[in-house]
Amino acid sequence: MTPKEVLTLIREKEVKAIDLRFVDFPGTWQHFTIPPHHLEESTFQDGLGFDGSSIRGWQAINESDMLVIPQADTAFIDPFFKETTLVLICSIQDPLTRQDYSRDPRYIARKAVNYMKASGIADTAFFGPELEFFVFDSARFDQNQYSGYYFLDSAEGAWNSGREEAGGNLGNKIRYKEGYFPVPPNDTLQDLRTEMMLNLLGAGIDVEAQHHEVATGGQCEIDMKFSPLVEMGDKVMKYKYIVKNTAKKYGKVVTFMPKPLFQDNGSGMHVHVSLWKNNSNLFAGSGYAGLSDMGLHAIGGLLKHAPAICAFANPTTNSYKRLVPGYEAPVNLAYSRRNRSASIRIPM
């Protein structure tokens, strides 16, 4: 979609507001909103100003002015706001130098892709993440001077088999590690996941499947079709936004926390990766598990740099509560065909 096509879409859909979004350094979507008449074709080149010093880890107060540069090809209609709202994902630039901002995650991703292309190794890198998450009915937590606690609850939770419930407790609770994947009435989230799926499709995300996951207490997964790196990064941000807000609509809360429940499976984000050149998969070959030498060398690089990768792939203490034996988590720094306990699994 071009800037001119975005402006046409705004008129056709009678858009009442333009929501401009960007990703901060820790990976949170930030936004501000402008009326449609303030979005002109020149805005896609000139950008709009904002205070970069109020964004975590970005600018100092004495050099706070920054620009958001709307990307026309990211436009979609937000499915949640009362008034028809068009969303544009933005890149970040310095207003004086007009250079892309070094701490903008979209720029870091673009830079990685450009480096790959310049190296001649490949012309496309496809990524297909599988995001797992929990849908809870409530989540209460606090840490203060005299106490620390968290309380999670789900109508599906195995711990609620003896709870008194309005209309009577009908049982059908999912037992620990048995959520993959029985039909209703055990699976109470089918309609919710379908609405999430439809909202994702409406926002331009190609969905392959949705289903309940292994854990009790409302663990779910919705799978997206693979895409190039920058495009997939945008889709992951849209995915989390849409899943969380669809759940909120029904008074539920979604968390992508790695290990919210003790003694049941945690949530991961398995990422399928492949390099392509001239429409040919460079990882496909006649070696182990159907891999090429390049595919095996790529695995070797991931294994060698695993400690550094963990800083991004497993950034919290809770991440390591998930990485324990017995819960289908990757606990072995190895590669294997089909074995889900290996950190790198080669699927069939």
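Remember, it's a predicted structure, so these values are computed and weren't measured experimentally. (Residues numbered from 1 in each chain as written. Predicted model: local features only at pLDDT ≥ 70, side-chain atom pairs only at ≥ 80, totals over all residues. Heavy atoms only, no water.)

Moving on: the side chain of Glu-221. Here Glu-221 is to be found in strand 11 (residues 219–224). Although buried, Glu-221 forms no salt bridge, and the nearest oppositely charged side chain, Arg-340, lies 7.4 Å from it. If we ignore the near neighbours within four places in the chain, the residues touching Glu-221 are Glu-130, Leu-131, Glu-132, Phe-133, Ala-209, Gln-210, His-211, Glu-213 and Tyr-239. (Helix = DSSP H or I, 4+ residues; strand = E, 2+ residues; numbered from the N terminus. Buried < 20%, exposed > 50% of the residue type's maximum accessible area, 1.4 Å probe, protein only. Lys, Arg positive; Asp, Glu negative; His and termini not counted. Salt bridge = Lys/Arg side-chain N within 4 Å of Asp/Glu carboxyl O. Contact = heavy atoms within 4.5 Å.)

Put simply, Tyr-180 and Phe-181 share a cis peptide bond, and its omega is -25 degrees. Tracing the sequence through the fold places Phe-181 in the loop between strand 9 (148–153) and helix 4 (190–202). Here Pro-184 and Pro-185 are connected by a cis peptide whose omega angle stands at 15 degrees. Among the structural elements, Pro-185 can be located in the loop between strand 9 and helix 4. A positive phi angle, close to 60 degrees, is found at Arg-98, a residue other than glycine.

A side chain with one charge can pair with a side chain of the opposite charge if their charged atoms come near. Taken as a whole, this structure holds 13 salt bridges when the rule is applied. The partner of Arg-21 in a salt bridge is Asp-19, and the shortest N-O contact between them spans 2.7 Å. Asp-19 shares its class with Arg-21; the two are buried. For the salt bridge of Asp-234 with Arg-106, the shortest nitrogen-to-oxygen distance reads 2.9 Å. Highlighted residues: Asp-234 in helix 5 (residues 229–249) and Arg-106 in helix 3 (residues 105–119), separated in sequence by 128 residues. A single burial state applies to Asp-234 and to Arg-106, both of which are buried. One network of salt bridges, with partners in common, ties together Asp-153, Arg-163, Glu-165 and Lys-173.

A rise of 1.5 Å per residue sets the reference length of helix 5, with its 21 residues, at 30 Å; its end C-alpha atoms lie 30 Å apart and thus fit the reference within 8%. Downstream of helix 5 by one or two residues, Gly-251 has phi in the positive range, about 75 degrees. (Expected span 1.5 Å × (residues − 1).)

In this structure, Phe-133, Met-196, Ile-222, Tyr-239, Val-243 and Val-254 are the most contacted members of the largest nonpolar core, which totals 28 residues. Among the secondary structure elements, those contributing two or more residues to this core are strand 6 (85–93), strand 7 (124–136), helix 4, strand 11 and helix 5. It is helix 5 that contributes the most residues to this core, eight residues altogether. Tyr-239 has contacts with Leu-131, Phe-133, Leu-200, Ile-205, Glu-221, Ile-222, Met-224 and Phe-256, leaving out every residue within four places of it along the chain. Core analysis: the next-biggest nonpolar cluster, separate from the first, contains 23 residues, Leu-20, Phe-22, Phe-50 and Val-68 among them. (Core = buried A, V, L, I, M, F, W, Y, C linked by side-chain atoms within 4.5 Å.)

Quick look at the pairing of strand 8 (residues 138–143) now. Two elements, strand 8 and strand 9, share six bridges in a ladder whose sense is antiparallel. Note that in strand 9 the partner of Asp-142 across the bridge is Tyr-149. Here strand 8 folds back onto strand 9 in antiparallel fashion, the turn holding four residues. (Pairing = 2+ DSSP bridges.)

Contact pair helix 3 / helix 5: the axes reach a minimum separation of 9 Å and the direction vectors enclose 155 degrees. Put simply, helix 3 runs roughly antiparallel to helix 5. Handedness of the helix 3/helix 5 crossing: right-handed. For the pair formed by helix 3 and helix 5, the contact residues are Arg-106, Ala-109, Arg-110, Ala-112 and Val-113 on the first element and Leu-229, Val-230 and Asp-234 on the second. (Axes fitted to C-alpha atoms, helices over the stretch in contact; angles between N-to-C directions. Parallel < 35°, antiparallel > 145°, perpendicular 65-115°, else oblique. Left-handed = near helix turned anticlockwise from the far one by under 90°.)

Here we come to a nonpolar patch on the surface. The grouping of Met-269, Val-271 and Val-273 at the surface amounts to a nonpolar patch, some 240 Å² of accessible area in total. Looking at the element boundaries, Met-269 is found in strand 14 (residues 269–277). By relative accessible area, which is 46% here, Met-269 ends up partly exposed. (Patch = residues over 30% accessible without salt bridge, like charges linked within 9 Å, V, L, I, M, F, W, Y side chains within 5 Å. Areas by Shrake-Rupley, 256 points an atom, 1.4 Å probe, with all protein chains shown as cover.)

Among the residues of helix 1 (residues 3–12), Val-6, Leu-7, Leu-9 and Ile-10 are the ones counted as buried. Considered in projection along helix 1, the buried side chains sweep an arc of 155 degrees and stay on one side of the axis. In helix 1, the exposed residues that point more than 90 degrees away from the buried face are Lys-4, Arg-11 and Glu-12. Summarising the contacts, the buried residues of helix 1 are in contact with strand 1 (17–23), helix 2 (43–46) and strand 6. One or two positions beyond helix 1, positive phi appears at Glu-14, with a value near 50 degrees. (Arc of directions from axis to C-beta.)

Keep in mind that these numbers describe shape and distance, not what the molecule does.
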